[in-house]
Amino acid sequence: MTEKRRQTEEKIRCDACPVMCYIAEGKVGACDRYANENGRIVRCDPLTILHRRVEQGGEIRPFMATEWDGQMVGGDDVFVSGVGSGTTYPDYKPAPFIVSREVEGADFITVVTEAIFSYCGVKVKIDTDRHLGHEAATVRAEGEAIGHVTTSEYGSQMLSLGGVEHLTGGSKAEGRVTCDALLKLCNREAVELTIDDGATVEVQAGQPPVVDGHREERMRVGCGSATIGMFASQWHGLVDEVVVVDDHITGVVSEHQAGKVLDWPDTGIRIKGRRSTPGRYFQVAQPGRGWGGTDIEDPLTILNPWLAKKGARPGLTMLMVSTTGEQYGYYVLDDNLEPQPAPLPDTLKPSVDLIAENCEPALCTVMFQAGAGGSLRSGVTKNPVQLTRSVQALKTHVTCGGAPVFVWPGGGITLMVDVTKMPDGSFGHVPTPALVAPLEFTLEREHYRALGGHDAQVRSVADVLATGGEYGGAVRAVSDTRRGKG
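Overview of the structure. Residue indices begin from 1 for each chain and proceed along its sequence in written order. Residue-level local features of this predicted model are given only where pLDDT is at least 70; pairs of side-chain atoms are given and counted only at 80 or more, and the full residue set underlies all totals for whole chains, interfaces and linings. Each side-chain value is worked out from all heavy atoms of the structure, with water and hydrogens disregarded.

1. Some thoughts on the overall build of the protein chain
Threshold: Secondary structure elements are taken from DSSP: a helix is a run of H or I of four residues or more, a strand is a run of E of two residues or more, and numbering for both begins at the N terminus. A simple rule labels every residue: compare its accessible area, found with a 1.4 Å probe on the protein chains alone, to the largest value its type can have, and call it buried under 20%, exposed over 50%, or partly exposed in between. Residues are treated as being in contact if the distance between any of their heavy atoms lies within 4.5 Å. Method for areas: the Shrake-Rupley scheme with a 1.4 Å probe, in which residue coverage is limited to the protein chains shown. This count recognises Lys and Arg as positive and Asp and Glu as negative, with His and chain-terminal groups excluded. By convention, the point assigned to a charge is CZ for Arg, NZ for Lys, CD for Glu and CG for Asp.
Check the secondary structure of the protein chain and you find nine helices and 35 strands. When its C-alpha atoms are laid out on the principal axes, the protein chain stretches across 95 × 60 × 40 Å. Out of the 486 residues belonging to the protein chain, those deemed buried represent 52%. Restricting the contact set of the protein chain to residue pairs at least 6 apart, pairs at least 24 apart contribute 67%. Summing over all exposed atoms, the protein chain offers an accessible surface of approximately 21,400 Å²; the carbon and sulfur share of this is 48%. Separation of charge centres in the protein chain, based on 48 positive and 63 negative side chains, amounts to 6 Å.

2. Points about the packing of helix α4 (residues 224-235) against helix α6 (residues 349-357)
Under the convention used in this document: To obtain an axis, a line is fitted to C-alpha atoms, over the contacting stretch when the element is a helix, and the angle between two such axes runs from 0 to 180 degrees between their N-to-C directions. The scheme is simple: roughly parallel for angles under 35 degrees, roughly antiparallel for over 145, roughly perpendicular for 65 to 115, oblique for anything else. Put simply, a crossing is left-handed when the front helix is turned counterclockwise from the back one by less than a right angle, and right-handed when it is turned clockwise. Each residue is assigned to one class: nonpolar for Ala, Val, Leu, Ile, Met, Phe, Trp, Tyr, Cys and Pro, charged for Asp, Glu, Lys and Arg, and polar for all the others, Gly among them.
Between α4 and α6, the least distance of the axes is 10 Å, while the angle of their chain directions is 150 degrees. In terms of orientation, α4 lies roughly antiparallel with respect to α6. Relative to α6, α4 is oriented so that their crossing is right-handed. Along the contact surface, α4 presents T227, F231, Q234 and W235, while α6 presents S351, L354 and I355. Along the lines of polarity and charge, the residues of the contact of α4 with α6 split into four nonpolar, three polar and no charged.

3. Here's the deal with the sheet that holds strand β31 (residues 414-418)
Selection criterion: Strand pairing follows a simple DSSP-based rule, namely that at least 2 bridges must link the two strands.
Strand order in the open sheet formed by 11 strands is β17-β16-β15-β14-β11-β12-β13-β10-β27-β31-β30, and the pairing between neighbours is antiparallel. Whereas interior strands pair on both sides, the edge strands pair on one side only; in this sheet they are β17 (214-215) and β30 (406-407). Looking at chain direction, strand β16 (residues 210-211) and β17 are connected through two bridges and run antiparallel. If you follow V210 over to β17, its bridge partner there is R215. Contacts from helix α3 (residues 172-186) reach β10 (120-127), β11 (138-141), β12 (144-152), β13 (156-162), β14 (191-195), β15 (200-203) and β27 (364-371), with the element oriented near 55 degrees to β12.

4. Here's the deal with the pairing of β31
Where burial is concerned, most of β31 is hidden: four out of the five residues are buried. Note: β27 against β31, five bridges, orientation antiparallel. Along β31, the bridge assignment pairs M367 with D418. Two elements, β30 and β31, share two bridges in a ladder whose sense is antiparallel.

5. Section: the pattern of salt bridges
Selection criterion: Take a side-chain nitrogen of Lys or Arg and a carboxyl oxygen of Asp or Glu: if they are within 4 Å of each other, that pair is a salt bridge.
Tallying each qualifying case throughout the model produces 20 salt bridges. In this structure, R130 and E216 form a salt bridge, with 2.3 Å as the shortest nitrogen-oxygen distance. Residue R130 is found in the loop between β10 and β11, and its partner E216 is found in the loop between β17 and α4; the two are separated by 86 residues along the sequence. Across the pair, exposure class does not vary: R130 and E216 are buried alike. For the salt bridge of D266 with K260, the shortest nitrogen-to-oxygen distance reads 3.1 Å.

6. Here we look at helix α7 (residues 384-392)
We count it as follows: Our arc is simply the arc of the directions from the helix axis toward the C-beta atoms.
Residues of α7 that are buried include every one of P384, L387, T388, S390 and V391, and no others. All buried residues of α7 project into a common sector of 165 degrees when viewed along the axis, lining one side.

7. Let's talk about the sheet that holds strand β25 (residues 328-333)
An order of β21-β22-β19-β18-β24-β25-β26 is seen for the seven strands of this open sheet, with the pairing classed as mixed. At either end of the open sheet lies a strand with only one pairing partner, and these are β21 (274-275) and β26 (339-342). The pairing of strand β18 (residues 241-245) with strand β24 (residues 317-322) spans five bridges and is parallel. By the bridge assignment for β24, V245 is matched with S322. Against the sheet, α4 engages β18, β19 (250-252), β22 (280-282) and β24, with an angle of about 150 degrees to β18. Across the sheet, α6 is in contact with β24 and β25; its angle to β24 comes to roughly 20 degrees.

8. Examining the packing of aromatic side chains
What counts here: When the centres of two rings from Phe, Tyr and Trp lie within 6.5 Å, Trp using its six-membered ring, the rings pair. Their planes under 30 degrees apart give stacked, over 60 give edge-to-face, and anything left gives tilted. Only when the NZ of Lys or the CZ of Arg is both within 6 Å of the ring centre and within 35 degrees of the ring normal is a charge said to sit over the ring.
Scanning the model with the defined rule gives five aromatic pairs in all. Taking the centre distance of 5.9 Å and the plane angle of 70 degrees together, the rings of F406 and W408 count as edge-to-face. Put simply, the rings of F117, F368 and F427 pair up and form one aromatic cluster. Note that R43 overlies the ring of Y34, its terminal NZ or CZ placed 5.6 Å from the centroid.

9. Concerning the nonpolar core
Applied cut-off: Residues belong to a common nonpolar core when they are buried Ala, Val, Leu, Ile, Met, Phe, Trp, Tyr or Cys residues joined through side-chain atoms within 4.5 Å.
Core analysis: the biggest nonpolar cluster contains 61 residues, and F117, L159, L161, L193, F368, L439 and F441 have the highest contact counts within it. It is α3 that provides the largest number of residues to this core, a total of seven residues. Among the nonpolar cores identified, the runner-up in size contains 20 residues, and Y281, I296, L333 and L337 belong to it.

10. Looking at α4
Among the residues making up α4, those that are buried are G224, S225, T227, I228, F231, A232 and W235. All buried residues of α4 lie within an arc of 155 degrees about the axis, which places them on one face of the element. In this structure, the buried side of α4 is in contact with β18, β19, α5 (257-261), β22, β24 and α6. Phi for G237, located one or two positions after α4, is positive at around 85 degrees.

11. Re the pairing of β27
A regular strand places its side chains so that they alternate between the two faces of the sheet. Note: β10 against β27, seven bridges, orientation antiparallel. Residue pairing for β27: V122 is matched across the bridge by F368.

12. Brief notes about the side chain of E216
Basically, it comes down to this: In protein, a polar contact means a hydrogen-donor-capable atom and an acceptor-capable atom, both N or O and within 3.5 Å, with residues adjacent in sequence counting only if both atoms are side-chain atoms; elsewhere, any N or O pair within 3.5 Å suffices.
A relative accessible area of 3% places E216 in the buried class. For E216, the side chain forms a polar contact with the side chain of R130, separated by 2.3 Å.

13. A few points about the environment of A30
Among the secondary structure elements, A30 is positioned in the loop between β2 (22-23) and β3 (34-37). We classify A30 as partly exposed; its relative accessible area is 42%. C-alpha separation for the pair A30 and P431, spaced 401 residues apart in sequence, amounts to 6.7 Å. Setting aside residues no more than four positions away along its own chain, A30 makes contact with C21, H429 and P431.

Okay, structure coming up:
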């Protein structure tokens, strides 16, 4: 027998995912989620119990099942999450935990597992007016393509990252980097992304984005037209003209309906770009990182010569401001009807501050999206399509780590969840590559039986805490503060 053969025999095989690592005593598998402890495969992270009536402040106390005194068990006060539960693999097996608990006198079942997702990704919302990249531009991490830019959504830029084509459809390096970036984003860690012909962005869920080294502080109050509509009355009688510079819709108060309602006189101003409805202009400049998400540093470049016959006159005053209030300038027309910079009057400063005050903090939002279909449904019921139909009929409630999810209409179980609502460290990975995420299905016991569920494997919460599961008995309790029910 060769030395290599003897080393292999001293290891045990983990069957928690398709990689099926051989793990030596005291070592962990390639996923860092399972280990060999005394010749038994155990889950490295403990099963997480969410407790709703504990003083807020995060984790309460980690403990082993043998130390559990049962004082926190009772009714709907606890929720057994998929975090640390172990995986339903191969998928004909029942889920690691199928837990019975009483909710307001009714017997409910929660099926708990950590699902392996090759078909998954994240949708990222970045609150900024700064141009990040053109729609459909490739987004990269460590030089590898991991997604693309999608649409702009009223003060936010949207990215679509991951998906099976990047995880498994490209090179090994692309799949590895994609999986690593998704894992960090879902676990609320910072990731640096570069966009082809665009910006470099540091993204972290729940934190402000950093665009080309600039930390964003606020998202725009609205487009230029909306800003005019909201604050026209604040400027009336204090300045002759106001232009709110915006990449999408630049607003001009004297032409805008808000100005007309206030009997704002014409000023003879002329704006470059494509005129939409009165006081609203498209394409005044190219997208960029300057004023209002444009590429301009000097806002006067969006103006054509003023017209005296339309009301322009020497001494006419003008305020130009961005949609966040970060950039502003005050100008007075000279004898040649050319605007000249002047100090901002004290009477106008409160209106600029009001724009800034009405801007919400700029944040990054990371939404995990996945198709919870395939064979993992076999861990819930012997007839998997029945689970899909039950979810779509709203008879089965789906959560991720206890956090509410949005289930897309149509076929399958395509879900989306805000990662900031989930417990810390909820996500893992397997080197296929794929992400691993906690998943819970909750439904009435009677309905579970009707679905063909694994009723013989149903256990009580007390039994779970006392004896653990297939992958060990470590348990931790955390206050359920992320759902506002701590």
